[in-house]
Amino acid sequence: MKKKTLLIILMSVIVVVLLAGIAMWGGNPNATVACADCEGAGMLEEVACEACEGTGNVAADTPFYGTWVALLAPVIAIVLALITKEVYSSLTIGIIIGGLLAGSFNPVKTLDNVVQEGFISAVSGTAGIFCFLVILGIMVALVNKAGGSAAFGRWAKTHIKTKTGATLCTFVLGVLIFIDDYFNCLTVGGVMRPVTDSKQISRAKLAFLIDATAAPICMIAPISSWAAAVSSYAAEGEGIKLFVQAIPYNLYSLLMLAFIIIMAIMKFDFGPMRHFELKAEQGNLGELEVSENTEEVANSKGRVIDLILPVLVLVLVCVIALIYVGGFFEAGGDYFMDFVGSFGNTDATVGLPLGGFVALVFTMVYLLCRKIVTFKEATDAIPKGFIAMVPAILILTMATALKNTTGLLGAQQYVKVLMDGAAAGLANFLPAIIFLVAVGLSFSTGTSWGTFGILIPIVCSIFPVGSELLIIGISACLAGSVCGDHCSPISDTTIMSSAGAQCNHVDHVSTQLPYALLVAGISFIGYLIAGLVQNVFVVLGVSLVILLAVLFVLRALNKKQA
């Protein structure tokens, strides 16, 4: 029996023993949850709610609701994934643990939680993203067959001379596609893979570059799906204004972007990434294995425009589709505010597949008119594109199912209690505490949107309206949400980055983690300083100096080891 299998069995036994202990001694028998009938208000049309008897709360279905146990399932899944390198089995164990805890170890309730609340809700809730993934997979297969990717690779070999150039080119493209992180991950990966492959940049490094420019750039772009989501959680009419004010203090996003540029110029890597980059120089890029039957013979008549034009059309049509779904074309008056507002009302799971389908039809017609693919080759690309995206769809489904079962345990309520307890007497240190709480919650649940959705109302209630500390607190919340999401193996953005780079998911997580933790540590120091001095120039200046100093020390250590 393989060592990895034995390790999974051993870890599973430990988990079972741990769960048995929790079942006997853990939990809160008096746990409550907000009443669904009155939404926690206790009143219905000026009459006390009968369901909760006017209290606003009813007994929770499980004694573990709103306790530290709520975060146990995702933590176990993440630890198992990092130790065993087995994503599917680790996520499955996490889902089952979440279902057991949410069902108070009742077999029937556990099965219902795992199947209905977990997997079925996961598939129905992310079906639009699945469609978008498949559409992009088909477009990639089409462009590859037409020879567009090969032509772009040939162009890159003559125009992009170095690894630094390829790294910075990937970074710039990631920055330019700031509208949506899903769109960013898959588009940048598809376009830049031929370039980074030709310069012997590992797929793990490409996945990091994609991931590190996807969410961070969306979080500091006023016109993006993320900005719209953040603004929807703030007070009415103050959302976009507060978001823009928070951008200079969003240390993790800004420092991560600076980190990529500095690392590219200094030309070194550290931690597991260094090992993957050394292997890439020997020809082992660490790409996913592709069977001989799925390998494409590219058309030698393909040109760079055959890649660039479909991507440009995809970008344009997806932006139009997003604002269309958000109601832009139904609005009138101030076009800028309507444009921003439409992002606040849009649904990416509808807008992206809608735009993607139009772009796919255009790409097929364009390539057929160019006579570089036949109709049979175009239709053959449909199942090939679907097959290419199966690993990403599987992981995304299981990660979403894990989030759903974790939500049944009230992780948000547990974090709210922690934040309320920290607010007393720690005002100047609260930004740093908020950052840490946001990192932990986002890492455990794999969702940055869910994290800042929970924390923004809490932060707004802690700090005085209009104060500098409120802006810093909001920034810390957003930065921590992105950081935890960036580190988490169950984050949809992390999964999309692996899919975009076509690299092993666990390889991406393990190589990215040291980089993300380094920037997170410096960001934490920056928020400690921000809470005391409340001056953005001082905070950014000191944080950048610390980042540079740490990287110079690490490069010196690398040279010694070499």
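A few points on the structure. (Residues numbered from 1 in each chain as written. Predicted model: local features only at pLDDT ≥ 70, side-chain atom pairs only at ≥ 80, totals over all residues. Heavy atoms only, no water.)

Focus on the overall build of the chain
Rules: Comment: elements are numbered from the N terminus, with helices defined as DSSP H or I runs of at least four residues and strands as E runs of at least two. Burial here depends on accessible area, computed with a 1.4 Å probe over protein chains only, as a share of the maximum for the residue type. Under 20% is buried, over 50% is exposed, and the range in between is partly exposed. Contact between two residues is taken to exist if any of their heavy atoms lie within 4.5 Å; hydrogens are not considered. Throughout, the Shrake-Rupley method with a 1.4 Å probe supplies accessible areas, and for residues the shown protein chains are the sole cover considered.
Tallying secondary structure elements over the chain gives 24 helices and four strands in all. When each of the 562 residues of the chain is scored for burial, the buried share is 53%. When contacts within the chain are restricted to residue pairs at least 6 apart in sequence, long-range pairs at least 24 apart make up 79% of them. Of the roughly 24100 Å² of accessible surface on the chain, 66% is carried by carbon and sulfur atoms.

What to know about the packing of aromatic side chains
Stated formally: Ring pairs are drawn from Phe, Tyr and Trp, using the six-membered ring of Trp, whenever the two centres fall within 6.5 Å, and their geometry is named by plane angle: stacked under 30 degrees, edge-to-face over 60, tilted for the rest. Placement of a charge over a ring requires the Lys NZ or Arg CZ to be within 6 Å of the ring centre, with the centre-to-atom vector within 35 degrees of the ring normal.
Under the defined criterion, the tally for this structure stands at seven aromatic pairs. Ring-pair connections join several aromatic residues into one group, and the members of that group are Phe 208, Phe 259, Phe 268, Phe 270 and Tyr 515. Directly above the aromatic system of Phe 276 lies the positively charged group of Lys 279, at a separation of 5.3 Å from the ring centroid.

A closer look at the nonpolar core
Stated formally: Side-chain atoms within 4.5 Å link the members of a nonpolar core, which is a set of buried Ala, Val, Leu, Ile, Met, Phe, Trp, Tyr and Cys residues.
Counting 84 residues, the largest nonpolar core has Leu 133, Leu 142 and Leu 186 as the members making the most contacts within it. Sorting elements by how many residues they give to this core places helix H5 (residues 127-146) first, with 13 residues. Not counting residues within four places of it along the chain, the set of residues in contact with Leu 142 comprises Leu 360, Thr 363, Met 364, Leu 367, Val 373, Ala 378 and Ala 381. In terms of nonpolar packing, the next biggest core, distinct from the first, is built from 68 residues, Leu 209, Val 439, Cys 487 and Leu 513 among them.

What to know about the side chain of Thr 213
In plain terms, the rule: Two N or O atoms count as a polar contact when they lie within 3.5 Å, although within protein this holds only if one can serve as hydrogen donor and the other as acceptor, and sequence-adjacent residues are included solely when both atoms are side-chain atoms.
Counting through the fold element by element, Thr 213 comes out in helix H9 (residues 203-219). Within the local environment of Thr 213, its side chain forms a polar contact with the backbone oxygen of Leu 209, the two atoms lying 2.8 Å apart. Excluding residues within four positions of it along the chain, Thr 213 makes contact with Phe 171, Gly 174, Asn 184, Leu 257 and Ile 260.

Quick notes on helix H21 (residues 468-487)
Stated formally: In a helix, the anticipated span is given by 1.5 Å times the number of residues less one.
For H21, built from 20 residues, the straight-helix expectation of 28 Å at 1.5 Å per residue is met to within 8% by its first-to-last C-alpha distance of 29 Å. Of all the 20 residues making up H21, 19 are buried; the element is thus mostly covered by neighbouring parts of the structure.

Some remarks on a nonpolar patch on the surface
Quick note on the threshold: Each patch is built from residues lacking any salt bridge and having more than 30% relative accessible area; the joining distance is 9 Å for like charges and 5 Å for nonpolar side chains (Val, Leu, Ile, Met, Phe, Trp, Tyr). Any carboxyl oxygen of Asp or Glu that lies within 4 Å of a side-chain nitrogen of Lys or Arg is treated as forming a salt bridge with it.
A cluster of nonpolar side chains, Tyr 88, Phe 386, Ile 387, Val 390 and Leu 394, forms an exposed patch at the surface whose accessible area comes to about 430 Å². When residues in the nonpolar patch are grouped by element, the largest group, four residues, is from helix H17 (residues 375-407). Position of Tyr 88 among the secondary structure elements: in helix H3 (residues 87-102). Given the relative accessible area of 34%, Tyr 88 is considered partly exposed.

A short note on unusual backbone geometry
A positive phi is found at Lys 371, a non-glycine position, where the angle reads about 60 degrees. With respect to the secondary-structure elements, Lys 371 resides in the loop between helix H16 (348-369) and H17. Here the phi dihedral of Gln 534 falls at roughly 55 degrees; this positive angle occurs in a residue that is not glycine. Residue position: Gln 534 is located in the loop between helix H23 (505-533) and helix H24 (536-561).

As for empty space enclosed by the protein
Our working definition: Throughout, the protein atoms alone are placed on a 1 Å grid, and a set of points is a cavity if a 1.4 Å probe fits but cannot get out or a pocket if it is open with protein on both sides within 12 Å along at least five of seven lines; lining residues have an atom within 4 Å of a point. Grid points are joined across faces, edges and corners, and a volume is the space filled by probe spheres set on the points.
Tallying each qualifying case throughout the model produces two cavities of 30 Å³ or more. By volume, the largest cavity amounts to about 170 Å³. For the largest cavity, the lining is made up of 14 residues, of which Met 139, Val 140, Gly 190, Leu 307 and Val 311 are closest to its centre. Among the secondary structure elements, those contributing two or more residues to the lining of the largest cavity are H5, helix H8 (181-198) and helix H14 (305-325). The element best represented in the lining of the largest cavity is H5, accounting for five residues.

Quick notes on the packing of H3 against helix H4 (residues 107-125)
Rules: Here the axes come from fitting lines to C-alpha atoms, over the contacting stretch only for helices, and the angles between their N-to-C directions go from 0 to 180 degrees. Working rule for angles: under 35 degrees goes down as roughly parallel, over 145 as roughly antiparallel, 65 to 115 as roughly perpendicular, anything else as oblique. By convention, the crossing between two helices is left-handed when the near helix turns anticlockwise from the far helix through less than a right angle, and right-handed when the turn is clockwise. Residue polarity is assigned by list, with Asp, Glu, Lys and Arg as charged and Ala, Val, Leu, Ile, Met, Phe, Trp, Tyr, Cys and Pro as nonpolar; anything else, Gly included, falls into the polar class.
In contact at an axis separation of 8 Å, H3 and H4 are set at 120 degrees when each is read in the N-to-C sense. Classified by the angle their axes make, H3 and H4 are oblique. Note on packing geometry: the crossing formed by H3 with H4 is right-handed. Of H4, the residues touching H3 (which contributes Ile 95, Ile 96, Gly 99, Leu 100 and Ala 102) are Thr 110, Asn 113, Val 114 and Phe 119. When grouped by side-chain class, the residues that make up the contact of H3 with H4 number six nonpolar, three polar and no charged.

Here we look at the environment of Val 311
Mapping Val 311 onto the fold places it in helix H14. For the pair formed by Val 311 and Val 140, sequence separation is 171 residues and the distance between their alpha carbons is 9.9 Å. When neighbours within four sequence positions are excluded, Val 311 is seen to be in contact with Thr 187 and Val 191.

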